[in-house]
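One-letter residues, chain by chain:
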Amino acid sequence: MDNRPASLDPSRFWRLADERAGDPRVAGLAAREFVPGSAQAPEDPAAGMSRRRFLGLLGASAALAAGTAGCGRDIDRGSIVPYTRRPEDGQPGRAVWYATSWAEGCWAFPLLVKTREARPILIEGNDRHGDSQGSAPVRAQAELLALYDPERLQGPRRESAAVTWEEAETALAAALRGGRALLVVPAVLSPARQALLERLEQALPALEIVSWEAAAPHGALAASAGLSGAQLLPRLHLDRAQVVLGLEAELFSGEGEVTRQIRGFVAGRHFESREGASPRTMNRLWAAESRMTLTGGKSDQRLPLRASRLGALGFALARRLGELGRTLPAGLPAGPSLAELAAAEGLDAALLEQLAQDLQQADRAALVVAGHSADADAHAAAWLLNHMLGAEGHTVELRPAALRPLATPAALAALAGRLARGEYSAAVLWEANPLYDAPGDWTQALAGVDQRFRLGTLPDESAAACAWTLATHHWLESWGDLAGGLLQQPVVAPLYDTRQGEDLFLAVLRGLGQDVPTSAEDWLKSRWRGEWTRLNSPLAFEAFWHSALHDGFATQPAAVPPPAGRWEALARLAPAAAPTEGLELVLHADRHLGDGRGANIGWLQELPDPVTKCTWGNPLALSPADARRLGLQDGDSVRLAAAGHELACTALVQPGQREGTIALALGHGRRALGVAEGIGVNAFPLLADGRFILSARLERAGGKGSVHTTQEHHLMEGRDLVRSLSVAAYAAGGTGAPDHGGGHDATLPTGHDHGVAMEEQAPLSLYPDHEYKGHKWGMVIDLTACVGCAGCVIACQAENNIPVVGPERIDEGREMHWLRIDRYYEGGLDNPDMVFQPMLCQHCDHAPCENVCPVAATTHSEDGLNQMTYNRCVGTRYCANNCPYKVRHFNYFDYTGGLAEVLQLAANPEVSIRPRGVMEKCTFCVQRIQVVRSQALSEGRPVADGEVRPACAVACAAGAITFGDLNGETLVARRAASDRRHKVLEELGVRPAVTYLAEVRNPIAAGDAHES
């Protein structure tokens, strides 16, 4: 079953289905340097788009901060503590870091925020916290732009008129006291907020509080409620797992604690050399799924399976494990055997048997995970399998989903009906947006309520339906705490005339005669005094408090004993029958926008989806077989009918998708909200009953829509770019290197390799050899570790002030990302593997861009960097034409010229702002190199190994990117000498400074077994 040869044929890899089929159109794309219309730039930068759209993109790029007067320290934020232990004001021109935390849905993340002159300019993971270790999820990093969103509400308003906060607080208090009131909040992860809500319930008996998360894993919550009586979610320990089975699971993008999960998974396949690498010691990832996920693309064995049959697979595996000696609880529902399921679904029965054997032999080192889109039966099956294998408490723990039970979709729909009937006199929506994402007609529902309040940061769908819009702080301006002992402190003074939501409700309580603190900070500290007592800290409270604020946390999550399973409930969660007619629609949260909370962040809209490579929208994905049957191609307009609704969508043919399955991302289709307006379609109305898997009909609608994709850009004409091989082939001496027909030894890179043996016959070059006597900066990227999550891309964009260009410019091939993730398919259309390759400027020693620049704007430094001098560049673009990696980007439009002063406040001041008409590319974060060198020089010492870390390396949860000095005994030099090394297009003689390590996977081979 192992079809990965030790020697790689470059034709195995492809990006487009048409490329794989040899379509002449693709040859035409490769033959021309630019897509149609990109060769010339119109004088009007907004040509082809509305002025509103262009100005919105300017705001997305420049992070407009109209209230910049609030950036100074003259506004009291309370007693915050910098992470660096420097005096609070620090030194002018030097960065100050603060520890804080962020929550989204049911998950919390410890973070660090970099500030300059009291302005946040970068978000990273908290390197002292075990869950983060320095990396942050994509959406957490992009929240920096949400802070500076020009669409933010800037003060309290009633209808369209500004009011004072005193008037707003008085009206809110009167509404809550005046009769039966409703308060809708998102998932409550903050103990301090939960305590405040409980205090409100005690003081206001007529108040009903509902917690709602539209894209929560409703199947998981239903299964855990049935099996344990509580809403529980799994906390995964992939670092302890030898065999992992994902059931429609997105382990590496958007579901759960993604940075922990990525790091844990990669820990099971890290090795410096082939010694010790074997199928028995390397972890193995199985993926059973209907749509192509990052988990499936990175998996060692992928099983294309209809989503409705995931539960059937899980229970069939449980029965087979029972036959193999595992204890099978009573009450397991009847269902097909593995062989019967394989026959019905067109799968290999021997492969399913091997999966069962793999799980059995892994014992407690096995892990089964069901994704957020999976139904309750699949989650119940995953829980059962982990219990039977003894994985509970080892590779998986169960923890409360939130501190307050989450409402079901059915409960939200019923609530909308009660609102419409006038059963409530007031409705307060605090950071929740039910008019966008909740089932039921909430527009009509709120029309039946006299007093309507929206507490939030944006003028979103719910704000438009409320008479009162009360502008609240962004979380970077707020005090708070989160489950697991995380703390949140404001890292910037409020930019606008906003209030923290807790402050408003504390004012309501004081108006009721309650003895409560006067501010959210004091309320938080009062709760933590109790925590300080519980922890029995030897420190005085103020010392304990300041230490906790400095670190960003006081405790770390403790293990929770597994609850006793009520296995008799399994019969009620039996696998549902698969639809016999029509298609199966799978709804899922967008990998970058999530449930839509990130939709107004231009960075996230423009970040290509790692699988589809689409930006700015949510096309409807369908399988190649269904596309052929329906006569559909990418961009065709279609009508989707499901759950009593019809949506107009745009088709996208997705390799690897199961025939009979269509997939649509949630989180798009926002109304009247800046850059998100009119982008994609809103699929939340289809989620009325909480099931992400629905029966659907699809038909052609005629005409064409827009699929803004980057997958046709930067084609490499079939050249040798990426390498992948099995661990068995690697252990046997394979390198994944292609056979070039006898030109040179494929086991060693060609060209000059610092710290690596050089071949006797290197390709000819126009450049003389140069000896780097000081530093020689270089990078190593491990393709085995890279999961394609794109955290590095957002980090690069934030660090280097890279503008957002918009969908119209994406269509012209003008995206500006300095770092991209190339996605390659391997295998057939129906079930390919994926290989991810980060691609950036290679900083070639013999750079082909340097000798063609007529004005010497691009030159080589003494420490091996390919430099760009922007004020020399005259825009000939010769360098881009001569770059074989296609990593140089020409800035056609002046996205920042009219906002230069604002950019100095909102962007990273360590990186120059590029004007129109210059070439941009990766610099290896030269500004970080200079900061470290300056610090080392001032301290009279050499730069330490690993001390310089570019933004991409810091953000990479997988640790796939290593940077440093190739001269000497350094980590990057040792990894550059790996027996998996290769350099992209090294045969051209350009001598790149970036070394790639071939991807190694662990597919099934005959007689394979894992050590338990």
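If you're wondering where the values come from, they're calculated on a predicted model, not measured in any experiment.

Asker: Can you help me understand helix 18 (residues 501-511) in this one?
Answerer: Given 3.6 residues to a turn, an α-helix orients residues that are three or four positions apart in the same direction. Extensive coverage of helix 18 is indicated by the burial of nine of its 11 residues. Listed as buried for helix 18 are Gly501, Glu502, Asp503, Leu504, Phe505, Leu506, Ala507, Val508 and Leu509. Of the residues one or two after helix 18, glycine 513 is the one with positive phi, at around 85 degrees.

Asker: How do you make sense of the pattern of salt bridges when you look at a structure like this?
Answerer: Scanning the entire structure with this criterion turns up 60 salt bridges. One salt bridge in this structure joins glutamate 531 and arginine 534, with 2.4 Å as the shortest N-O distance. Remark: arginine 534 and glutamate 531 occur in helix 19 (residues 520-535); sequence separation between them is three residues, near one turn of the helix. In this structure, aspartate 845 engages lysine 776 in a salt bridge whose closest nitrogen and oxygen atoms are separated by 3.3 Å. Taken together, the residues aspartate 845 in the loop between strand 31 (833-839) and strand 32 (858-860) and lysine 776 in the loop between helix 23 (727-731) and strand 29 (777-782) connect sequence positions 69 residues apart. Neither residue differs from the other here; aspartate 845 and lysine 776 are each classed as buried. What you see here is one network of salt bridges that share partners, running through Lys114, Arg116, Glu117, Arg119 and Glu910.

Asker: Just to check I follow, could you spell out the pairing of strand 13 (residues 366-370) for this structure?
Answerer: Where a strand is regular, its side chains alternate between the two sheet faces. Among the five residues that make up strand 13, five are buried, leaving the element largely enclosed by the rest of the structure. Burial of strand 13 is two-sided: the residues Ala366, Val368 and Ala370 facing one way and the residues Leu367 and Val369 facing the other way are all buried. Inspection of the sheet shows strand 10 (residues 243-247) paired to strand 13 by five bridges, in the parallel sense. Within strand 13, the residue paired with valine 243 across the bridge is alanine 366.

Asker: Sorry if this is basic, but what is going on with unusual backbone geometry here?
Answerer: Excluding glycine, residues mostly have negative phi values, and the peptide bonds linking residues are mostly trans. Unusually for a residue other than glycine, glutamate 248 sits at a positive phi of about 55 degrees. Position of glutamate 248 among the secondary structure elements: in the loop between strand 10 and helix 8 (258-267). Look at alanine 856: it is not a glycine, yet its phi comes out positive at around 55 degrees. Structurally, alanine 856 is set in the loop between strand 31 and strand 32.

Asker: What am I meant to see in the environment of tyrosine 892 here?
Answerer: Secondary-structure assignment places tyrosine 892 in the loop between strand 34 (889-890) and helix 27 (900-906). Separated by 26 residues in sequence, tyrosine 892 and valine 918 place their C-alpha atoms 7.8 Å apart. Looking at tyrosine 892, its side chain comes within polar contact range of the side chain of arginine 877, at 3.0 Å.

Asker: Hey, could you run me through helix 19 in this one?
Answerer: Helix length check: helix 19, at 16 residues, gives a terminal C-alpha distance of 22 Å against a target of 22 Å (1.5 Å per residue), a fit within 8%. Of all the positions in helix 19, only Ala520, Glu521, Trp523, Leu524, Lys525, Trp528 and Glu531 are classed as buried. Elements that come into contact with the buried residues of helix 19 comprise helix 6 (191-203), strand 18 (480-482), strand 19 (486-488), helix 18 and helix 20 (541-551).

Asker: Could you clarify how one ought to interpret the sheet that holds strand 16 (residues 451-456) in this entry?
Answerer: Strand pairing in a sheet relies on backbone hydrogen bonds. The paired strands run either parallel or antiparallel. Here we have seven strands laid out as an open sheet, ordered 6-5-17-16-15-7-8, and mixed in their pairing. Taken across any chain shown, the strands that pair with only one partner, and hence form the sheet edges, are strand 6 (161-162) and strand 8 (207-211). Bridge count between strand 15 (residues 426-430) and strand 16: five bridges; the pairing is parallel. Bridge pairing in strand 16 places alanine 426 opposite glutamine 451. Helix 5 (residues 165-177) rests against strand 7 (181-185), strand 8, strand 15, strand 16 and strand 17 (468-471) of the sheet, and its axis sits at about 120 degrees to strand 17. Lying over the sheet, helix 6 contacts strand 7, strand 8 and strand 15, oriented at roughly 150 degrees with respect to strand 8.

Asker: How should I be thinking about the nonpolar core in this particular structure?
Answerer: Considering soluble globular proteins, one finds that nonpolar side chains tend to be buried as a cluster. Within the largest apolar cluster, 144 residues are counted, with the highest numbers of intra-cluster contacts made by Leu251, Trp603, Met779, Tyr885 and Phe924. Broken down by element, the residue count for this core peaks at seven residues, all from helix 4 (residues 138-147). Core analysis: the second largest hydrophobic core is formed by 52 residues, Leu305, Ala307, Leu313 and Ala380 among them.

Asker: Looking at this model, I keep getting lost on the packing of helix 10 (residues 310-323) against helix 13 (residues 376-389). Mind explaining?
Answerer: Two quantities define a packed helix pair, namely the angle between the helix axes and the distance between the axes. The N-to-C vectors of helix 10 and helix 13 enclose an angle of 20 degrees; their axes lie 7 Å apart at closest approach. Considered as vectors, helix 10 and helix 13 are oriented roughly parallel to each other. In this structure, helix 10 crosses over helix 13, and the sense of that crossing is left-handed. Counted together, Leu310, Gly311, Ala312, Gly314, Phe315, Leu317, Ala318, Leu321 and Gly322 of helix 10 and Asp377, Ala378, Ala380, Ala381, Leu384, Leu385, Met388 and Leu389 of helix 13 form the full contact between these two elements. In terms of residue class, the contact of helix 10 with helix 13 is made up of 13 nonpolar, three polar and one charged.

Asker: Explain the confidence of the model for the protein to me, please; I cannot follow it from the model alone.
Answerer: Note: predicted coordinates in regions of low pLDDT should not be interpreted at a detailed level. Mean pLDDT over the protein works out to 86, with 84% of the residues at or above the 70 mark. The low-confidence segment residues 62-76, where pLDDT is below 50, has 39 contacts with residues more than four positions distant or belonging to other chains.

Asker: Would you mind going over the packing of aromatic side chains with me for this structure?
Answerer: Within this structure, the stated rule accounts for 14 aromatic pairs. Ring geometry for tyrosine 436 versus phenylalanine 684: centroids 5.3 Å apart, planes at 75 degrees, classification edge-to-face. Note that tyrosine 436 is positioned in helix 15 (residues 434-437) and phenylalanine 684 in the loop between strand 25 (661-666) and strand 26 (693-704), a separation of 248 residues in sequence. For the pair formed by tyrosine 436 and phenylalanine 684, the shared burial category is buried. Within the aromatic cluster, the residues linked to one another by ring pairs are Trp528, Trp532, Phe541, Phe544 and Trp545. For arginine 670, the ring lying beneath its charged end belongs to tyrosine 436, and the centroid distance is 4.4 Å. For arginine 877, the ring lying beneath its charged end belongs to phenylalanine 890, and the centroid distance is 5.5 Å.

About the thresholds
- Residues numbered from 1 in each chain as written.
- Predicted model: local features only at pLDDT ≥ 70, side-chain atom pairs only at ≥ 80, totals over all residues.
- Heavy atoms only, no water.
- Buried < 20%, exposed > 50% of the residue type's maximum accessible area, 1.4 Å probe, protein only.
- Helix = DSSP H or I, 4+ residues; strand = E, 2+ residues; numbered from the N terminus.
- Salt bridge = Lys/Arg side-chain N within 4 Å of Asp/Glu carboxyl O.
- Pairing = 2+ DSSP bridges.
- Polar contact = N/O pair within 3.5 Å; in protein donor to acceptor, adjacent residues only side chain to side chain.
- Expected span 1.5 Å × (residues − 1).
- Contact = heavy atoms within 4.5 Å.
- Axes fitted to C-alpha atoms, helices over the stretch in contact; angles between N-to-C directions.
- Core = buried A, V, L, I, M, F, W, Y, C linked by side-chain atoms within 4.5 Å.
- Parallel < 35°, antiparallel > 145°, perpendicular 65-115°, else oblique.
- Left-handed = near helix turned anticlockwise from the far one by under 90°.
- Nonpolar A, V, L, I, M, F, W, Y, C, P; charged D, E, K, R; others polar.
- pLDDT = per-residue confidence, 0-100.
- Phe/Tyr/Trp six-rings, centres within 6.5 Å; stacked < 30°, edge-to-face > 60°.
- Lys NZ or Arg CZ within 6 Å of the ring centre and 35° of its normal.

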